[in-house]
Amino acid sequence: MQINFTLNHKPVLIDAPTDITLLTLLRDHFKLTGSKEACEVGECGACSVLLNGEVVNSCLVAAPSVMGCDVVTIEGIHAEDGGPNDLQQDFITKGAVQCGFCIPGMVIAGEALLSIKSDPSRLEIREALAGNLCRCTGYMQIVDAIETTAKERAGKQNPQKREN
C-alpha cells in the first residue's frame, strides 16, 4: 500500500505492507532508529512520536493510519544548525541523559507539553511524562531540564519576565 504523509516536516510517499506498525515503518523502511522498540504494548514510551502534534506510541499505530498525517520523530527535533535544540541541550546540561534509551520519548513528550503550555508546573511536567519509563535518572533531572527550557523560552518571548 502506498502511504503518503509528512515525516519530519517533509512530504513522503512509501510503498509499505498494510500489517506493520508506524514504529516498524519508521525504523525498518525509513531507517529512523531514534524511536526505540521496547515493550511493544504502549507501556514504556520509548517509541513515542508526534502524530499531528499529539504524543503517540508508534508501536500501537497501524502504519496505514498515518495517511495524510504529520509525523515528527526525534530526528525531526533539532536546532536550526542540525545540532541539539534548547530542550535537548538542557537534557545534556542537567544530566538527564544516562543510558539514552528513554530520551527520545522524553524529549518528544517535553516538546509536546511545551507546545501547549509555556509555563508548566513540575506536576504538569511529571504528568506529561507519565507515559514514559526511565530506569536510570529517577526523573528529577528530566523534569529539571523541561522546566529550565520552559523558563528559557518564556524569557526569550518576554525579556522583562527574566528580570523578575
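In case you missed it, the structure is sitting above this.
Residues numbered from 1 in each chain as written. Predicted model: local features only at pLDDT ≥ 70, side-chain atom pairs only at ≥ 80, totals over all residues. Heavy atoms only, no water.

(A) Representation of the side chain of Thr 73 within the structure. For Thr 73, the location among the structural elements is in the loop between strand S5 (70-72) and helix H2 (86-93). Residue classification places Thr 73 among the buried residues on the basis of a relative accessible area of 0%. Reaching out from Thr 73, the side chain makes a polar contact with the side chain of Glu 75 at a distance of 2.7 Å. In contact with Thr 73, not counting residues within four places along its chain, are Leu 7, Asn 8, Leu 26, Leu 32, Ser 35, Val 49 and Ile 108. (Helix = DSSP H or I, 4+ residues; strand = E, 2+ residues; numbered from the N terminus. Buried < 20%, exposed > 50% of the residue type's maximum accessible area, 1.4 Å probe, protein only. Polar contact = N/O pair within 3.5 Å; in protein donor to acceptor, adjacent residues only side chain to side chain. Contact = heavy atoms within 4.5 Å.)

(B) Broad picture of the packing of helix H3 (residues 103-116) against helix H5 (residues 140-157). The contact between H3 and H5 brings their axes to 11 Å, and the two run at 35°. You can see that H3 and H5 cross each other, and the crossing is right-handed. Between H3 and H5, the residues in contact are Met 106, Gly 110, Glu 111, Leu 113 and Leu 114 and Ile 142, Ile 146, Thr 149, Ala 150 and Arg 153, respectively. Partitioned by chemical class, the residues of the contact of H3 with H5 number 6 nonpolar, 2 polar and 2 charged. (Axes fitted to C-alpha atoms, helices over the stretch in contact; angles between N-to-C directions. Left-handed = near helix turned anticlockwise from the far one by under 90°. Nonpolar A, V, L, I, M, F, W, Y, C, P; charged D, E, K, R; others polar.)

(C) Here's a closer look at the pattern of salt bridges. Scanning all chains against the criterion turns up 5 salt bridges. For Arg 153, the salt bridge is made with Glu 111, and the minimal N-O distance between the two is 2.9 Å. Of the two residues, Arg 153 is situated in helix H5 and Glu 111 in helix H3; the sequence distance between them amounts to 42 residues. Assessed through its relative accessible area of 22%, Arg 153 is described here as partly exposed. One salt bridge in this structure joins Arg 122 and Glu 147, with 2.8 Å as the shortest N-O distance. In this pair, Arg 122 sits in helix H4 (residues 122-128) while Glu 147 sits in helix H5, placing the two residues 25 residues apart along the sequence. Using a relative accessible area of 28% as the deciding quantity, one classes Arg 122 as partly exposed. Taken together, the salt bridges that share partners define one network made up of Asp 86, Glu 111 and Arg 153. (Salt bridge = Lys/Arg side-chain N within 4 Å of Asp/Glu carboxyl O.)

(D) Representation of the nonpolar core in the model. Membership of the largest hydrophobic core comes to 24 residues, with the highest contact counts inside it found for Phe 91, Met 106, Val 107, Ile 125, Leu 129, Ile 142 and Ile 146. Of all elements in the fold, only H2, H3 and H5 reach the threshold of two or more residues within this core. When residues in this core are grouped by element, the largest group, 8 residues, is from H3. In contact with Phe 91, other than residues within four places in its own chain, are Ala 96, Val 97, Ile 103, Met 106, Val 107, Ile 142, Ala 145 and Ile 146. Counting 19 residues, the second-largest nonpolar core is a separate cluster that includes Phe 5, Leu 25, Ala 63 and Val 66. (Core = buried A, V, L, I, M, F, W, Y, C linked by side-chain atoms within 4.5 Å.)

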